[in-house]
Amino acid sequence: MSISKTQMDLDVKNLGLEPDIFAKILELYRDNHYAHLTGIKIVAIGQGKFTAEMVVEKSNLNVVGTLHGGATATLIDVCMGMACFTKGVTVVTGNINISYLSPGRASNKILAVGQVIRSGKTVYFTEASLEDEKGQIIAKGTGTFFYKGNLLSE
């Protein structure tokens, strides 16, 4: 799936993030091929917060016809990690914990919000929540991310 620079820039809301950081996150996300395989699209980016959505397609389903746990984990990981990027840093995942609360169904639009809940010099603590268009909570996650470098010098 290929998303053009213009299309992505117009579709994503900047909720007060510095323009240089916003542009760099979009640039890096365009190269996140694995996230694109799952159909994850950025909705909005703000300070310490990253919102994305995914329509549950056939390719995201498990053998019983609900949203695959791996697709859920990917969406949670992407939102929490990218929330860290809004702090002007790049990070790698140290640990994620996920509670699967209800099944995502085919054709559901899943809204995911990841946010930084505490940041230090080298460790970032995050949380994420996924819900469907009816407000049903699909999953919640927490994560620990480790500092890798400065976002604008990557």
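Above this text is the structure in question.
Rules of the game
- Each chain carries its own residue numbering, running from 1 in the direction its sequence is written.
- For this predicted model, a pLDDT threshold of at least 70 governs which residues receive local features, and a threshold of 80 or more governs which side-chain atom pairs are given and counted, while totals over whole chains, interfaces and linings are taken from all residues.
- Hydrogens are left out, water is left out, and the side-chain values use all remaining heavy atoms of the structure.
- Labels follow the DSSP assignment, with helices taken as runs of H or I lasting at least four residues and strands as runs of E lasting at least two, numbered in each case from the N terminus.
- By definition in these notes, contact holds between two residues if any of their heavy atoms fall within 4.5 Å.
- Each axis is a line fitted through C-alpha atoms, taken for helices only over the stretch in contact, and angles between the N-to-C directions span 0 to 180 degrees.
- Crossings are assigned a handedness: left-handed for a near helix turned anticlockwise from the far helix by less than a right angle, right-handed for a clockwise turn.
- Note on residue classes: Ala, Val, Leu, Ile, Met, Phe, Trp, Tyr, Cys and Pro are nonpolar, Asp, Glu, Lys and Arg are charged, and everything else, Gly too, is polar.
- Paired strands, as defined in this entry, are two strands with at least two bridges between them according to DSSP.
- Within this scheme, the nonpolar core is defined by two criteria: the residues are buried Ala, Val, Leu, Ile, Met, Phe, Trp, Tyr or Cys, and they are joined through side-chain atoms within 4.5 Å.
- Note on exposure labels: buried denotes an accessible area under 20% of the residue type's maximum, exposed denotes more than 50%, and partly exposed covers the range between, all computed with a 1.4 Å probe on protein chains only.

Visitor: Could you give an account of the environment of Ala106, naming the residues involved and the relevant values?
Guide: Here Ala106 is to be found in the loop between strand S4 (89–100) and strand S5 (109–119). In this structure the C-alpha to C-alpha distance between Ala106 and His36, which are 70 residues apart in sequence, comes to 18 Å. Apart from residues no more than four positions distant in its own chain, Ala106 is found in contact with Val56 and Leu61.

Visitor: Help me get a handle on the packing of helix H2 (residues 19–30) against helix H4 (residues 69–85), residues and values and all.
Guide: Pairs of packed helices are described in terms of their axes, by the angle between the two and the distance that separates them. In the contact formed by H2 and H4, the axes pass within 10 Å of each other and the chain directions differ by 145 degrees. The hand of the H2/H4 crossing is right-handed. Within the contact between the two elements, H2 uses Ile21, Ile25, Leu28 and Tyr29 and H4 uses Val78, Met82 and Phe85. The residue inventory of the contact of H2 with H4, partitioned by class, reads 7 nonpolar, no polar and no charged.

Visitor: Describe in detail the sheet that holds strand S1 (residues 13–15), supporting the description with residues and values.
Guide: Spatially, S1-S2-S3-S5-S6-S7-S4 is the arrangement adopted by the 7 strands of the open sheet, whose pairing is mixed. Both outer strands of the open sheet, S1 and S4, are each paired with one neighbouring strand and no more. Along the sheet, successive strands turn relative to each other by an average axial angle of 20 degrees, direction set aside. Seen against the sheet, H2 touches S1, strand S2 (41–46) and strand S3 (49–55) and runs at an angle of roughly 160 degrees to S2.

Visitor: Explain the nonpolar core to me, using residue names and the numbers behind them.
Guide: Of all hydrophobic cores here, the largest spans 38 residues; its most connected members are Ile25, Ile40, Ile45, Phe50 and Leu75. Breaking this core down by element, the ones donating at least two residues are H2, S2, S3, H4, S4, S5, strand S6 (123–132) and strand S7 (137–150). Tallying contributions element by element places H4 first for this core, with 10 residues. Beyond its immediate stretch of four places on either side in the chain, Ile25 contacts Leu17, Ile45, Phe50, Met82, Phe85, Thr86 and Leu151.

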